[in-house]
Structure formats: C-alpha cells, structure tokens
Amino acid sequence: MPGDGDFREWQAKAACRGPQAAAFYPPASGERRDERRLREREAKEICDHCAVVGRCLEMALAGREAYGIWGGTNESERRVLIEA
Ligand code: SF4
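Now for a quick tour of the structure. Throughout, a residue's number is its position along its own chain's written sequence, starting from 1. With the structure being a predicted model, the display of local features is reserved for residues of pLDDT at least 70 and the display and counting of side-chain atom pairs for 80 or more, all residues being used for whole-chain, interface and lining totals. Calculated side-chain values reflect all of the structure's heavy atoms, with hydrogen atoms and water omitted.

Okay, helix α3 (residues 53–62) next. If you check which residues of α3 are buried, you get Cys-56, Leu-57, Met-59 and Ala-60. The buried residues of α3 occupy an angular sector of 160° when projected down its axis, which confines them to one face. For α3, the exposed residues set more than 90 degrees away from the buried face come down to Glu-58 and Ala-62. Each helix is a run of DSSP H or I of at least 4 residues and each strand a run of E of at least 2, with the numbering of both proceeding from the N terminus. Residue Arg-64 follows α3 closely and has a positive phi angle near 50°. Think of it in three bands: with a 1.4 Å probe and only protein chains considered, a residue is buried below 20% of the maximum accessible area for its type, exposed above 50%, and partly exposed in between. Starting at the helix axis, one direction is taken to each C-beta atom, and the arc is that of these directions.

Here a salt bridge means any side-chain nitrogen of Lys or Arg lying within 4 Å of a carboxyl oxygen belonging to Asp or Glu. Under the defined criterion, the tally for this structure stands at seven salt bridges. For the salt bridge of Glu-40 with Arg-36, the shortest nitrogen-to-oxygen distance reads 3.2 Å. In this pair, Glu-40 and Arg-36 are both assigned in helix α2 (residues 33–48), four residues apart and thus about one turn of the helix distant. For Lys-44, the salt bridge is made with Glu-77, and the minimal N-O distance between the two is 2.9 Å. Here Lys-44 is found in helix α2, whereas its partner Glu-77 is found in helix α4 (residues 75–83), with 33 residues between them in sequence. Judged by its relative accessible area of 21%, Lys-44 falls in the partly exposed class. Ionic contacts of the salt-bridge type, sharing partners, join the residues Arg-32, Asp-34 and Glu-35 into one network.

Let us look at the nonpolar core. Across soluble globular proteins, nonpolar side chains have a tendency to be buried as a group. The criterion is simple. A nonpolar core is a set of buried Ala, Val, Leu, Ile, Met, Phe, Trp, Tyr and Cys residues joined through side-chain atoms within 4.5 Å. Counting residues in hydrophobic clusters, the biggest one holds seven residues: Trp-10, Cys-50, Val-52, Cys-56, Met-59, Ala-60 and Trp-70. The greatest single-element share of this core, amounting to three residues, is contributed by α3. Counting residues in hydrophobic clusters, the runner-up holds six residues, among them Phe-24, Ala-43, Ile-46 and Cys-47.

So, in structure tokens, the structure goes:
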C-alpha cells in the first residue's frame, strides 16, 4: 500500500476521475448483462490510457477489491489473477 503522498499522486493521475467514474461500478438500480458488458468495456478503455494502470491493478489485487473496474480488470478477472 502506498504512503499518503504516493496515494495522492496516484489519484491525481487517475484517468477515471470525473463524470466517467460512473462507468467503473454497477448502478445501484442494477443492470442487465449486456449493459454490464458495455459499461465495463467503456471503463476498461479508460484504463487502457491511464498513466497509473499498473499501480492501480497492484493495489486492487493487494486490497482484494471485490467490486468495480480497477487497473483494467473486473472482479472475476482479478480473482483469476489472485488464484494464479
Ligand atoms: S487504471 Fe483504471 S481504475 Fe485505475 S486509476 Fe486508472 S482509470 Fe482508474
């Protein structure tokens, strides 16, 4: 886990800051499978151009983030990486 300064620097470089952050988590109202696929694809495309994608994925794996898109992966993809 990075220190406070490191974490702030990481957050400042995150490409998912702002209104596009909504694509990274399912809506509270739920979503159909095809809606989820589209939302996740949109979020992953943002991750593809993010300067901190490697550190983000590292943190998500270390913290066992159970929900959302982190470092270009969804929760089931992270589970596979953790079990590998
Ligand atoms: S890799 Fe994706 S989830 Fe992580 S900070 Fe960047 S845009 Fe956000």
